[in-house]
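Descriptive analysis of the structure
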Amino acid sequence: IAQHDPVSTHLKVVEEFTIAEVWSGHPVGFDLLTSDPFQYIAFYDQHRNMCIARRKLGESDWTTTILPSKVGWDSHNGISIAVDRAGYLHVSGNMHVDTLVYFRSALPNNIQSFERMPMLGYDEYRVTYPQFFKNTEGELFFQYRDGSSGNGITYINQYDSEGKKWSRMLSQGLFDGEGETNAYPNNPVL
């Protein structure tokens, strides 16, 4: 765990934990999320299983859940994790031009209650580059590419925490290469 040191303008290590042995056969993105009072890590374990670990802030014991998804030999298959306003966890990853892999917890802050489900049920069959993000009001969004290199469309979905459902933020893709190309946008940043 690193924090910004304003004096030296560098990050410095403030805590270090051993959580699990992880897959290191090829580089693939993991995700770290701190949402008071918990901290979560989404990763692939040494057997390539997609896992979520959680600890209470200020404590050093981690609890881990294995999700029913295994990474192959593809560095595109990073994982993204988020928590919505009601405390439900959202996880997506392990896709490179594959059907959407998306899990939501059935209980707030509970890593033992994940359920796999679709988001919208369309434009979710050739997914890559999943990324959750929030706006300044704390609303949850999900960006991904549907399609493949050279013919992908970037979509953004918006989550309704009260209704527990996703909707398309824009009536069409944010970036659409019209079958001839596709953009590789940087992930949104506040």
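These notes cover the structure that comes with them.

Conventions used here
Residue positions are counted from 1 within each chain, in the order its sequence is given. The predicted origin of the model limits local features to residues at a pLDDT of at least 70 and limits the giving and counting of side-chain atom pairs to 80 or more, whereas totals for whole chains, interfaces and linings rest on all residues. Based on all heavy atoms of the structure, the side-chain values leave hydrogens and waters out of the count. Secondary structure elements are defined from DSSP: runs of H or I of at least 4 residues count as helices, runs of E of at least 2 residues count as strands, and each element is numbered from the N terminus. In this treatment the radius of gyration is a C-alpha quantity, and the globule benchmark scales as 2.2 Å times the residue count to the 0.38 power. Each residue is placed in one exposure class: buried if its accessible area under a 1.4 Å probe, protein chains only, is under 20% of its type's maximum, exposed if it is over 50%, and partly exposed if it falls in between. It only takes one pair of heavy atoms within 4.5 Å for two residues to be counted as in contact. Surface exposure here means Shrake-Rupley accessible area, sampled with a 1.4 Å probe, where a residue is shielded only by the protein chains that are shown. We count Lys and Arg on the positive side and Asp and Glu on the negative side, and we leave His and both chain ends out. Every charge is mapped to an atom, namely NZ of Lys, CZ of Arg, CG of Asp or CD of Glu. In this scheme, strands are said to pair when DSSP sees at least two bridges between them. Inter-axis angles, ranging from 0 to 180 degrees, are taken between N-to-C directions of lines fitted to C-alpha atoms, where helices are fitted over the stretch in contact. Nonpolar side chains (Val, Leu, Ile, Met, Phe, Trp, Tyr) are joined into patches within 5 Å and like charges within 9 Å, using only residues with over 30% relative accessible area and no salt bridge. By convention in these notes, a salt bridge is any Lys or Arg side-chain nitrogen within 4 Å of a carboxyl oxygen on Asp or Glu. Only buried residues count toward a nonpolar core, which is a set of Ala, Val, Leu, Ile, Met, Phe, Trp, Tyr and Cys residues joined through side-chain atoms within 4.5 Å.

So, about the overall build of the protein chain. When its secondary structure is counted, the protein chain shows zero helices and 15 strands. A compact globule built from 190 residues would reach a C-alpha radius of gyration of about 16 Å, and the protein chain, at 17 Å, matches this within 12%. Taken along the three principal axes of its C-alpha coordinates, the protein chain extends 50 × 40 × 40 Å. Every one of the 190 residues in the protein chain was classed for burial, and the buried ones make up 44%. For the protein chain, restricting intrachain contacts to residue pairs at least 6 apart in sequence, the fraction spanning at least 24 positions comes to 41%. If you sum the accessible surface of the protein chain, you get close to 10,300 Å²; carbon and sulfur atoms cover 49% of it. Charge-centre separation for the protein chain: the mean point of 15 positive side chains lies 4 Å from the mean point of 23 negative side chains.

Looking now at the sheet that holds strand 7 (residues 79-83). In spatial order, the strands read 7-8-9-10; together these four strands make up an open sheet with antiparallel pairing. Across the chains shown, the open sheet's two edge strands, defined by having one partner strand only, are strand 7 and strand 10 (114-116). Taken pair by pair, the neighbouring strands of this sheet meet at an average axis angle of 20 degrees, ignoring direction. Two strands pair when backbone bridges link them, and strand 8 (residues 89-93) and strand 9 (residues 102-105) are joined in this way by three bridges, in the antiparallel orientation. Its bridge partner being in strand 9, Ser92 is matched across the sheet by Tyr102.

Here we take up the pairing of strand 9. Burial along strand 9 is two-sided: Tyr102 and Arg104 facing one way and Phe103 and Ser105 facing the other are all buried. For strand 9 and strand 10, the ladder comprises three bridges, and the chain directions are antiparallel. In the sheet register, Phe103 faces strand 10, and the bridge partner there is Arg116.

Let's shift gears to unusual backbone geometry. Here the bond from Asp36 into Pro37 is cis, since omega is 15 degrees, no more than 30 degrees from zero. For Pro37, the location among the structural elements is in the loop between strand 3 (31-35) and strand 4 (38-44). Of note in this structure, Asn94 is not a glycine but carries a positive phi near 60 degrees. Here Asn94 lies in the loop between strand 8 and strand 9. Despite not being glycine, Lys164 shows a phi value in the positive range, around 50 degrees. As for its placement among the helices and strands, Lys164 is situated in the loop between strand 13 (153-160) and strand 14 (165-168).

Turning our attention to a nonpolar patch on the surface. On the surface, Met169, Leu170, Leu174 and Phe175 cluster together to form a nonpolar patch covering roughly 320 Å² of accessible area. With respect to the helices and strands, the residue Leu174 is situated in the loop between strand 14 and strand 15 (175-176).

The four strands lie next to each other as 3-4-5-6, forming an open sheet whose pairing is antiparallel. A single partner strand is all that each edge strand has here, and the edge strands are strand 3 and strand 6 (63-70). Looking at each pair of strands side by side, their axes are set apart by 15 degrees on average, direction ignored. Pairing of strand 5 (residues 49-56) with strand 6 involves five bridges; the strand directions are antiparallel.

The next thing to look at is the nonpolar core. Of all hydrophobic cores here, the largest spans 36 residues; its most connected members are Met50, Ile52, Val91, Phe114, Phe132 and Trp166. Setting aside residues up to four positions removed in sequence, Phe132 forms contacts with Ser80, Ile81, Ala82, His90, Val91, Ser92, Tyr102, Met119, Leu140, Phe141, Phe142 and Trp166. One finds Ile41, Phe43, Cys51 and Trp62 within the second-largest nonpolar core, a separate group that totals five residues.

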